[in-house]
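# Observations on the three-dimensional arrangement
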Amino acid sequence: MKKITHAVIPVAGFGTRMLPLSKSVPKELLPLGNRPAIHYVVEEAIAAGIKHIVLVGHAQKSAIENYFDINAELDNQLRHKGKDALADSLNWLPEDVTVSMIRQGQPLGLGHAVLAARPIIGEHDFAVLLPDVVLDPFTGDMTADNLAFMLNAFADDAHSQILVEQVADEDVHKYGIAQLNEAFSDTSDVDEADLNASFKVAGFVEKPNLADAPSRLAVVGRYVFSNNIFDYLANTTASVGGEIQLTDAIDALISQHGVDVTTMRGDSYDAGDMRSYMQAFIYFAQQQLANKE
Ligand code: G1P
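Throughout, a residue's number is its position along its own chain's written sequence, starting from 1. Residue-level local features of this predicted model are given only where pLDDT is at least 70; pairs of side-chain atoms are given and counted only at 80 or more, and the full residue set underlies all totals for whole chains, interfaces and linings. The side-chain numbers reported here are obtained from all heavy atoms of the structure, hydrogens and water having been left aside.

## Considerations on the overall build of the protein
- Assigned secondary structure in the protein consists of 10 helices and 13 strands.
- Radius of gyration means the value over C-alpha atoms here, while the globule rule gives 2.2 Å times the residue count to the 0.38 power. For the protein, the C-alpha radius of gyration of 19 Å lies close to 19 Å, the compact-globule estimate for 293 residues.
- When the backbone C-alpha atoms are referred to their principal axes, the protein occupies close to 65 × 40 × 40 Å.
- By the burial criterion, 49% of the 293 residues in the protein qualify as buried. Comment: elements are numbered from the N terminus, with helices defined as DSSP H or I runs of at least four residues and strands as E runs of at least two. Summary of the burial criterion: residues with accessible area below 20% of their type's maximum are buried, those above 50% are exposed, and those between are partly exposed, where the area comes from a 1.4 Å probe applied to protein chains only.

## Comments concerning the site of the ligand
- Any residue with a non-hydrogen atom lying within 4 Å of a molecule or strand is treated as near it. In the region of the ligand, the neighbouring residues are Arg-17, Leu-110, Leu-130, Val-133, Tyr-175, Gly-176, Glu-206, Lys-207, Val-219 and Thr-247.
- For the purposes of these results, a polar contact is taken to be a pair of N or O atoms within 3.5 Å, where, inside protein, one atom must be able to donate a hydrogen and its partner to accept one; residues adjacent in sequence count only when each atom of the pair is a side-chain atom. At 2.8 Å, a backbone N or O of Val-219 approaches an oxygen atom of the ligand.
- Accessible surface area values rest on a Shrake-Rupley calculation with a 1.4 Å probe, where residue burial reflects the displayed protein chains alone. For the ligand, whose unbound accessible area comes to 380 Å², protein coverage reaches 83%.
- Polarity classes work like this: nonpolar for Ala, Val, Leu, Ile, Met, Phe, Trp, Tyr, Cys and Pro, charged for Asp, Glu, Lys and Arg, and polar for all others, with Gly in that last group. A class-by-class count of the residues in the shell around the ligand yields five nonpolar, two polar and three charged.

## Things to note about helix H9 (residues 246–257)
- Between its terminal C-alpha atoms H9 stretches 16 Å, which fits the 16 Å expected from 12 residues at 1.5 Å a residue.
- By the burial criterion, the buried members of H9 are Leu-246, Thr-247, Ala-249, Ile-250, Leu-253 and Ile-254. Projection of H9 onto a plane perpendicular to its axis shows the buried side chains occupying an angular sector of 155°, all on one side. Away from its buried face by more than 90 degrees, H9 exposes Ser-255 and Gln-256.
- Gly-258 sits one or two residues past H9 and shows a positive phi near 80°. Expected helix span is taken as 1.5 Å per residue step, with the number of steps being one fewer than the number of residues. What the arc describes is the spread of directions from the helix axis to the C-beta atoms.

## Focus on helix H1 (residues 37–47)
- The buried count for H1 comes to nine of 11 residues, which makes it a mostly enclosed element.
- All of the buried residues in H1 are Ala-37, Ile-38, His-39, Tyr-40, Val-41, Val-42, Glu-44, Ala-45 and Ile-46.
- In the stretch just after H1, Gly-49 is the one whose phi turns positive, near 105°.

## Topic: the pattern of salt bridges
- The term salt bridge refers to a side-chain nitrogen of Lys or Arg lying within 4 Å of a carboxyl oxygen of Asp or Glu. A complete count under the given rule lists 15 salt bridges for this structure.
- Between Glu-293 and Arg-35 there is a salt bridge, with its nearest N and O atoms 3.3 Å apart. Placement of Glu-293 in the segment after helix H10 (274–290) and of Arg-35 in strand S3 (residues 35–36) is noted, with a sequence separation of 258 residues between them.
- Two residues, Arg-118 and Asp-231, come together in a salt bridge whose shortest N-O distance is 2.8 Å. Of this pair, Arg-118 sits in helix H6 (residues 118–121) while Asp-231 sits in helix H8 (residues 229–234), and the two are 113 residues apart along the sequence.
- Several salt bridges share partner residues, and in doing so they unite Asp-75, Arg-79, Asp-84 and Asp-88 into one network.

## Notes on the environment of Lys-23
- Here Lys-23 shows up in the loop between strand S1 (6–10) and strand S2 (31–32).
- A residue is classified by how much of its surface remains accessible, and Lys-23, at 73% relative accessible area, is exposed.
- C-alpha separation for the pair Lys-23 and Phe-154, spaced 131 residues apart in sequence, amounts to 39 Å.

## Examining unusual backbone geometry
- Following Leu-19, the chain continues into Pro-20 via a peptide bond in cis, with omega recorded as 5°.
- Relative to the helices and strands, Pro-20 resides in the loop between S1 and S2.
- For Lys-207, which is not a glycine, the phi torsion comes out positive at approximately 45°.
- The partly exposed category is assigned to Lys-207, whose relative accessible area is 42%.

## Points about the packing of aromatic side chains
- For Phe, Tyr and Trp, where Trp contributes only its six-membered ring, two rings pair if their centres lie within 6.5 Å, and the inter-plane angle classes them as stacked under 30 degrees, edge-to-face over 60, or tilted in between. With the rule as written, the count across this model stands at 11 aromatic pairs.
- With centroids separated by 5.1 Å and ring planes inclined at 90°, the aromatic side chains of Tyr-67 and Phe-68 adopt a geometry described as edge-to-face.
- Using a relative accessible area of 10% as the deciding quantity, one classes Phe-68 as buried.
- Seen in terms of ring centroids, Tyr-283 and Phe-284 are 5.9 Å apart; in terms of plane orientation they differ by 80°. Their pairing is edge-to-face.
- In textbook terms, an aromatic cluster arises when at least three aromatic residues are bridged by ring pairs, as seen for Tyr-40, Phe-138, Tyr-269, Tyr-283 and Phe-284.

## Thoughts on the environment of Leu-86
- Residue position: Leu-86 is located in helix H4 (residues 84–90).
- Here Leu-86 falls in the partly exposed class, since its relative accessible area comes to 44%.
- A sequence separation of 11 residues divides Leu-86 from Asp-75, and the C-alpha atoms of the two residues are 9.0 Å apart.

## Considering the environment of Tyr-283
- By secondary structure assignment, the location of Tyr-283 is in helix H10.
- We call two residues in contact when some of their heavy atoms are within 4.5 Å. Ignoring any residue separated from it by four or fewer positions in sequence, one finds Tyr-283 in contact with Asp-136, Phe-138, Thr-139 and Tyr-269.

Below, the structure is given as structure tokens:
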């Protein structure tokens, strides 16, 4: 069994849908309740067993790397004032977990950003977590369970895994949409499912019009890849939006190796879009106020 311990979190986007909030603060550091959005995503990865996290960013994103490092001056200051518990709470990253950052160079798309992590990931298979999407961390253990399920499924059959969730018609144009094989094409009840389920997938369409969408199953932003996705990414040319799309490399991978989609349990929140971000903020804040966090 191959255990995956590496994950890539692309953080190179400018967050234009989050302006003016994201003008001088990376959108990944905007709060959801009492923590920055990316805090929950990193916790999710760690809870699923990830030990090495690679952030792919650019010069304006170094504050994210600092968030996961120890601020020695602040640490000393707090301990000097007897606030050891507060200082300890800031150093929550487990000792066996590393967070490193690499730069994307040119902003050529999500596929290009994932490829930029190759020098650190090397020969390992790896997970990708898109930090715009935050899974509900307040309902049971479901958050990490989704990624853990995908990691186990990969360990069993070495097929890359992609998490999907049923979305409303008006949201289809915002996501990569899965085309299932005919045998599984009736997805009408997947949103009711309380278990993860895996299906073979025939392909993906990136941000289709509703009329062209092959299903309502949207890519949520959690992937588990065999290392050879890097070879496909290296051969992928720009398409939708003039960008090198991860979705196109996945389509090439499907045709030669087979890829599975996993249906999501629990709820997801899109923190990359102003309206849904505000809804997510309210939900996270309400939960934390109720839990007296
Ligand atoms: C990306 C992916 C898309 C996926 C989405 C999830 O798009 O390309 O397939 O559904 O993330 O958030 P982006 O939102 O970065 O444009």
